[in-house]
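Observations on the three-dimensional arrangement
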Amino acid sequence: MEEAVYKVIEIVGSSKTSVEDAVQNAINKTGKTVRNIRWFEVAGTRGYIEDGRIAYWQVHVKIGFHVDQQMQEENRKETGSENKSNLDEPVKYRCLVCGYVYDPSKGDPTAGIKEGTSFEDLPDDWRCPECGVGKDQFERM
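In this report, we go over the structure that sits alongside the text. Bear in mind that the values here come from a model prediction, so they are computed numbers and not experimental data.

**Some points on the nonpolar core**
In this structure, Cys-95, Tyr-102, Trp-126, Val-133 and Phe-138 are the most contacted members of the largest nonpolar core, which totals 23 residues. At 4 residues, strand 3 (residues 53–66) tops the list of elements feeding residues into this core. Among all residues touching Trp-126, those that are not within four sequence positions of it are Tyr-100, Tyr-102, Asp-108, Ala-111, Ile-113, Phe-119, Val-133, Gly-134, Lys-135 and Phe-138.

Here is the structure:
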């Protein structure tokens, strides 16, 4: 096996029918925005109960995907040097996992982040609104 580097994200999938379907739902949804998924680990299982019966299953899944080094290098070439900046425009950051772009001029209304908030000023526990990874998985554009 070739040496590889993996990133792990945590997702909670749900299903009204089974634990297996909840896992598959988590993987299917994640696969729409994350490339190179290679493995999963069930970290926990719980269920929601209504009227004394299981209404649906929730499964906490860790999903591992291969880090695509070539994509990261291509992104850097497209955007130029990491030190390049235009003083008239706010510095944007791109999520390495799903490609979401944090634009300080827009903020993140879903998380209550006001327009004009720089990436550096985001709270340490801020998460990507698309895939849920932390700030450490973003690169400067």
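Still to come is the rest of the account.
**Some thoughts on the environment of Gly-132**
Looking at the secondary structure, you find Gly-132 in the loop between strand 5 (101–102) and strand 6 (138–140). Between the C-alpha atom of Gly-132 and that of Ile-11, which follows or precedes it by 121 residues, the distance is 8.4 Å.

**A look at the sheet that holds strand 6**
Taken together, 3 strands build an open sheet; the order of strands is 5-4-6 and the sheet is antiparallel. Two strands close off the open sheet at either side, each with one partner strand: strand 5 and strand 6. Pairing between strand 4 (residues 93–95) and strand 5: 2 bridges, direction antiparallel. Note that in strand 5 the partner of Tyr-93 across the bridge is Tyr-102.

Rules behind the numbers
Residues numbered from 1 in each chain as written. Predicted model: local features only at pLDDT ≥ 70, side-chain atom pairs only at ≥ 80, totals over all residues. Heavy atoms only, no water. Core = buried A, V, L, I, M, F, W, Y, C linked by side-chain atoms within 4.5 Å. Buried < 20%, exposed > 50% of the residue type's maximum accessible area, 1.4 Å probe, protein only. Helix = DSSP H or I, 4+ residues; strand = E, 2+ residues; numbered from the N terminus. Contact = heavy atoms within 4.5 Å. Pairing = 2+ DSSP bridges.

Note that all results are geometric; they support no functional claim without further evidence.
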